[in-house]
Amino acid sequence: MQTFYRLLSYLKPYWKQVVVGTVCLVAAVPLQLFHPLVWMFIVDDVLLAENLDPGQKKQLLIMWIGIMVAVHFLGVLLQTIRT
């Protein structure tokens, strides 16, 4: 345990960077897992939906793909800040 506390003392001057890196890591991991959820909505609610006309399907498809791209770029931004 003494070794752990000694290592923590070395991190003390860098505590802000450690906190920012940890927060970015915790936020970026779920964002990377967001893509399968979006594909589920695209397949189930857009492509296989029989009660939507082609115009509505196109709008929903564009919306979900836009959300997926935005979340991807947010994850990349957080990973860049963390690094």
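Model, not experiment: these values are computed from the prediction. (Residues numbered from 1 in each chain as written. Predicted model: local features only at pLDDT ≥ 70, side-chain atom pairs only at ≥ 80, totals over all residues. Heavy atoms only, no water.)

Caption draft 1: Highlighting the overall build of the protein. When its secondary structure is counted, the protein shows 4 helices and 0 strands. In sequence order, the secondary structure elements of the protein are arranged as α-α-α-α. The C-alpha atoms of the protein give 20 Å as radius of gyration, which overshoots the globular expectation for 83 residues (12 Å, by more than 25%). By its C-alpha atoms, the protein is 65 × 20 × 10 Å across when sized along the principal axes. Within the span of the protein, comprising 83 residues, buried residues form 17% of the whole. Within the protein, contacts between residues separated by at least 24 positions form 61% of all contacts whose residues are at least 6 apart in sequence. Accessible surface, the protein as shown: approximately 6,600 Å² in total, 72% of it carbon and sulfur. Once the 6 positive and 4 negative side-chain charges of the protein are each reduced to a mean point, those two points are 34 Å apart. (Helix = DSSP H or I, 4+ residues; strand = E, 2+ residues; numbered from the N terminus. Rg over C-alpha atoms; globule rule 2.2 N^0.38 Å. Buried < 20%, exposed > 50% of the residue type's maximum accessible area, 1.4 Å probe, protein only. Contact = heavy atoms within 4.5 Å. Areas by Shrake-Rupley, 256 points an atom, 1.4 Å probe, with all protein chains shown as cover. Lys, Arg positive; Asp, Glu negative; His and termini not counted. Charge placed at Lys NZ, Arg CZ, Asp CG, Glu CD.)

Caption draft 2: Just the side chain of Q79, in detail. Looking at the secondary structure, you find Q79 in helix α4 (residues 54-82). Only 2.9 Å separates the side chain of Q79 from the side chain of R82, close enough to count as a polar contact. Contact partners of Q79, with chain neighbours within four places excluded, come to A28 and Q32. (Polar contact = N/O pair within 3.5 Å; in protein donor to acceptor, adjacent residues only side chain to side chain.)

Caption draft 3: Local environment of the packing of helix α2 (residues 15-32) against α4. Where α2 meets α4, the closest approach of the two axes is 8 Å, and the angle between their N-to-C directions is 155 degrees. Classified by the interaxial angle, the pair formed by α2 and α4 is roughly antiparallel. Like other packed secondary-structure pairs, α2 and α4 cross with a definite hand, here left-handed. On α4, the residues that touch V20, G21, C24, L25, A27, A28, L31 and Q32 of α2 are V71, L74, G75, L78, Q79, I81 and R82. For the contact of α2 with α4, the residue count by class is 10 nonpolar, 4 polar and 1 charged. (Axes fitted to C-alpha atoms, helices over the stretch in contact; angles between N-to-C directions. Parallel < 35°, antiparallel > 145°, perpendicular 65-115°, else oblique. Left-handed = near helix turned anticlockwise from the far one by under 90°. Nonpolar A, V, L, I, M, F, W, Y, C, P; charged D, E, K, R; others polar.)

Caption draft 4: Structural view of a nonpolar patch on the surface. On the surface, M1, F4, Y5, L8, L11, Y14 and V18 cluster together into a nonpolar patch covering about 740 Å² of accessible area. Among the elements that line the nonpolar patch, the one with the most residues is helix α1 (residues 2-11), at 4 residues. Topologically, L11 is positioned in helix α1. Residue classification places L11 among the partly exposed residues on the basis of a relative accessible area of 41%. (Patch = residues over 30% accessible without salt bridge, like charges linked within 9 Å, V, L, I, M, F, W, Y side chains within 5 Å. Salt bridge = Lys/Arg side-chain N within 4 Å of Asp/Glu carboxyl O.)

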